[in-house]
Amino acid sequence: MPAATHEALHTAGVTVVLELGAGVPRIVHWGARLPDGVDLAALGTGVSSALPQSGYDQRTDLTLLPQHASGEFAHPGLLGHRSGLDWAPVFTTTAVDRTDGHLAWHGADERAGLAVSIAVDLHPGSGVLTLEGSVTNTGAEPYLVDRLSPTLPLPAQATEVMTLSGRWTREFQANRHPLHVGAVVRENRFGHTSSESSPTIFAGEPGFTEAGGEVWAAHLAWSGNHALRAELCADGRGYLQAAELLLPGELVLAPGETYAAPAIHAAYSPRGLTPLSGAFHTFVRSLPGQPKTPRKVLLNTWEAVYMEHDPAALMALADRAAEVGVERYVLDDGWFRGRDDDHAALGDWYVDEGKYPEGLGVLVDHVTGLGLEFGLWVEPEMVNPDSDLYREHPDWILGIDGYTPILSRHQLVLDLGRDEVYAYLLERLDALLTEFAIGYVKWDMNRHLAAAGHHGHPGVHLQTLRLYALLDELGRRHPDVEIESCASGGARADLGILRRTQRIWVSDCNDALERQQIQRGFSYVFPPEVMGAHIGPTQSHTTDRVHTLAFRAATAFFGHLGLEWNLSTATEEDRAGIAAVIALHKGVRDLLHTGTIVRGDHPDPSAYVHGVVAAGGGEAVFAYVQLRSSATTVPLQVRLPGLDPARAYRVERMQLPGDGPQPGKLAPNWWDDGIVIGGATLSTVGLAFAVHHPESATLLHLTAV
Ligand code: GLA
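Bear in mind that the values here come from a model prediction, so they are computed numbers and not experimental data.

Draft legend 1. View of the pairing of strand E3 (residues 26–32). Among the seven residues in E3, six count as buried, and that is most of the element. Inspection of the sheet shows strand E2 (residues 14–20) paired to E3 by six bridges, in the antiparallel sense. Its bridge partner lying in E3, Val16 is registered against Trp30.

Draft legend 2. Layout of the site of the ligand. Close to the ligand lie 13 residues, the nearest being Asp332, Asp333, Arg409, Lys442 and Asp508. Asp332 places a side-chain nitrogen or oxygen 2.7 Å from an oxygen atom of the ligand. Take Asp333: an N or O atom from its side chain is 2.6 Å from an oxygen atom of the ligand. Taking 310 Å² as the accessible area of the ligand by itself, protein coverage stands at 96%. For the shell around the ligand, the per-class residue count stands at four nonpolar, three polar and six charged.

Draft legend 3. Fine view of the sheet that holds E2. Pairing within the open sheet is antiparallel, and its three strands lie in the order E1-E2-E3. Each edge of the open sheet carries a strand with a single partner, namely strand E1 (5–10) and E3. Shown here is a sheet whose adjacent strand axes are inclined to one another by a mean of 15°, direction ignored. Strand contacts of helix H1 (residues 40–47): E1, E2 and E3, with the helix running at about 110° to E1, the strand carrying the most contacts.

Draft legend 4. Representation of the state of the cysteines. This model, assessed by the stated rule, comprises zero disulfides. There is no disulfide at Cys509, and the cysteine sulfur nearest it, in Cys486, is 13 Å away.

Draft legend 5. The layout of surface pockets, seen in detail. Of the voids in this model, the largest pocket is the one considered here, and its volume is about 1000 Å³. Forming the walls of the largest pocket are 43 residues, and the residues nearest its centre are Arg271, Thr274, Pro275, Thr596 and Val598. Of all the secondary structure elements, the ones that give two or more residues to the lining of the largest pocket are strand E20 (264–269), helix H2 (273–285), strand E33 (596–599), strand E34 (607–613) and helix H12 (679–684). Per element, the largest residue contribution to the lining of the largest pocket is seven residues, and it comes from H2.

Draft legend 6. Representation of empty space enclosed by the protein. Per the stated rule, a full pass over the model turns up six cavities of 30 Å³ or more. Each pocket or cavity is described by its volume, and for the largest cavity that value is around 210 Å³. Lining of the largest cavity is provided by 17 residues; of these, Gln519, Arg520, Ser523, Met531 and His610 occupy positions nearest its centre. Those elements that provide at least two residues to the lining of the largest cavity are helix H9 (512–522), E33 and E34. Looking at the lining of the largest cavity element by element, the count peaks at four residues for E34. Of the residues assigned to the lining of the largest cavity, the class counts are eight nonpolar, seven polar and two charged.

Draft legend 7. Examining the nonpolar core more closely. Counting 154 residues, the largest nonpolar core has Trp30, Leu152, Leu240, Tyr329, Trp335, Trp349 and Leu363 as the members making the most contacts within it. Broken down by element, the residue count for this core peaks at eight residues, all from helix H7 (residues 419–435). If sequence neighbours within four positions are ignored, Leu363 has contacts with Leu314, Met315, Tyr329, Leu331, Tyr356 and Phe374.

Draft legend 8. Spotlight on the sheet that holds strand E4 (residues 78–81). Ordered by their spatial adjacency, three strands build an open sheet running E4-E9-E18, and the pairing between neighbours is antiparallel. Two strands lie at the open edges of the sheet, namely E4 and strand E18 (251–253), each paired on one side alone. The sheet shows a mean angle of 35° between the axes of neighbouring strands, direction not considered. Note: strand E9 (residues 143–148) against E18, three bridges, orientation antiparallel. Within E18, the position partnered with Leu144 by the bridge is Val252.

Draft legend 9. Highlighting the pairing of strand E36 (residues 648–654). Examined bridge by bridge, E36 and strand E37 (residues 675–678) share four bridges and lie antiparallel to one another. Bridge assignment links Ala648 to a residue of E37, and that residue is Gly678. Pairing between E36 and strand E38 (residues 696–704): six bridges, direction antiparallel. When the bridges of E38 are listed, Tyr649 appears paired with Ala704.

Draft legend 10. The arrangement of helix H4 (residues 311–324) in detail. Compared with the 20 Å implied by 1.5 Å per residue over 14 residues, the 20 Å span of H4 between its first and last C-alpha is a close match. The inward-facing, buried residues of H4 abut strand E21 (298–300), helix H3 (302–305), strand E22 (328–331), helix H5 (361–369), strand E32 (560–563) and helix H11 (572–592). Just beyond H4, the residue with positive phi is Gly325, at close to 105°.

Draft legend 11. Summary view of the environment of Val383. Here Val383 is to be found in strand E24 (residues 382–383). Sequence separation between Val383 and Leu346 is 37 residues; the distance between their C-alpha atoms is 4.6 Å. For Val383, the residues in contact, after removing those within four places along its chain, are Leu346, Leu389, Tyr390, Ile397, Gln411, Leu412 and Leu414.

The rules behind these values
Residues numbered from 1 in each chain as written. Predicted model: local features only at pLDDT ≥ 70, side-chain atom pairs only at ≥ 80, totals over all residues. Heavy atoms only, no water. Buried < 20%, exposed > 50% of the residue type's maximum accessible area, 1.4 Å probe, protein only. Helix = DSSP H or I, 4+ residues; strand = E, 2+ residues; numbered from the N terminus. Pairing = 2+ DSSP bridges. Near = heavy atom within 4 Å. Polar contact = N/O pair within 3.5 Å; in protein donor to acceptor, adjacent residues only side chain to side chain. Areas by Shrake-Rupley, 256 points an atom, 1.4 Å probe, with all protein chains shown as cover. Nonpolar A, V, L, I, M, F, W, Y, C, P; charged D, E, K, R; others polar. Axes fitted to C-alpha atoms, helices over the stretch in contact; angles between N-to-C directions. Contact = heavy atoms within 4.5 Å. Disulfide = S-S within 2.5 Å. 1 Å grid on protein atoms, 1.4 Å probe; cavity = no way out; pocket = protein on both sides within 12 Å on 5 of 7 lines; lining within 4 Å. Points joined across faces, edges and corners; volume = space filled by probe spheres on them. Core = buried A, V, L, I, M, F, W, Y, C linked by side-chain atoms within 4.5 Å. Expected span 1.5 Å × (residues − 1).

Following this line, the structure appears as structure tokens:
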């Protein structure tokens, strides 16, 4: 057997060391940057484990694709079989390809008729590690794949796991789980990414915070079903897996066919969650489809008019939007034939002649004539039984013959795996984008997939690929159109969809208090500029809470800013306030959307501190957010992390609508006139703050002097 060799991949902050030999490679180190020239052979020898007591007579080190037949205790990296045979393959190396920062290992088990490949990339800018696995059936009979999970090792220090769960209007809620011997498993069978389970799993030192503790995370770039797993095995080894969850019999490879598993993007931070997010954000910013131009402030018509579309009122709304500085106008649900409420019309992607007797072009022209871009809402994957499309093609839906499919929001799911369905949607969407001057599409998806049969077989995998193909084809035909990924809010937020969309609608909840927490969870992986964040009406339509414009504005301020409010009925004072907020946002959005986010470890649980620091540290914007009333009579001193310790900063409050001078005794001395103070002082000592009412916030602008 040839001796193992070791190879290191480095970025500024991360090192990955691979051990390559006769069989599946293993990662012997994924974590802190090791010095150049580190003795890799010694490292490899040093971490080779002893033989376990009362165990196999050979070492069973964790590999990139754990094998049951090799005695590895981990969940097998490849699970599958050929009618009950070839279920425990042992792969030997057939080739290794290398280019700068990229390594692809290829292996085969000829007896089992299988070949596998795992590509390993360490992205130079972000330090994100990408693993992409594939399996090819080289045998003569079909091979059924149950799961393909490239696997990442977790060091023994990582004994606390974090996952993100939620529901409609309450997405991205963090959960912590201690990792004892056993596994933390999150499985998503909703057929799309879902609000219930976000496809990232984090593990770190116990109690890891924003700025403390080593943390590792794996994200699955996939918009279908997923299975996340963090396990500490009885043999003492820990690992992370993030894989597509395949339904029974969903993926059968004919001889010669290959299954490419979705990419895993993994990040490491030596000091807490904030730098880990920074790595993911840098990675997202490097994706080719992300716009380099400023994110246009938009108005979305949903909470303004719902489905009551009156062209004159919509044009007046556009006028009001233009006056306050909006740059994009998005016509939401309700514009297509027969769409008066959510019981009917999905699938009939033709302009409603009743609502738009002179056509949609009149509104589009009016909007673009004001200098605004026009955007349109669609929900292409769906059909209402009460629609012409369904009446004509009742067989076009996902389902299983002989069973009645369950409705959700009165709708069924089209089977994109059928060529005729795919062709219909491509034709309709292409026609709309060609006929009208549309610069933006809000692509919605408002239900789970239950018993999603494609000709009776499980169809989620194919559905997801076809969705991607449709988006990719539209992107080729209309390269300048930006797309927002929405699924009843944030139920389709993942790095698979973000390869072909430019914005994610985070939540249907525009309640600023709920949004603070939702957006915090969202920001663990996604950068502010893809975070759709809207200022909604004074009273939230999903919670009935009433918030000041200042609090709503401070909450939406950091993301891709939008309005979702009927400006035609808003007061003049509110409209002036909104215009001021939009102007303020435009003044700093380049910083907000390219800088490094920081989330503070503020010791008072009733408040959040977060901000964005410009690359180079010359400027920053911070928010102090009082979520509830504080237990203390004056706020705890606020540290502003992430600044250049060697520079001094001018700290000034940003004027939000309604922000008046604070009654003197309730505000610290610097509050009204600002202060010049050192970056190190701000990060390590902090500032006294004014007393805040619950559900209020202050924005600070910092400029290096
Ligand atoms: C979903 C979306 C909303 C809105 C409505 C329209 O709920 O998340 O933003 O577009 O559909 O029906």
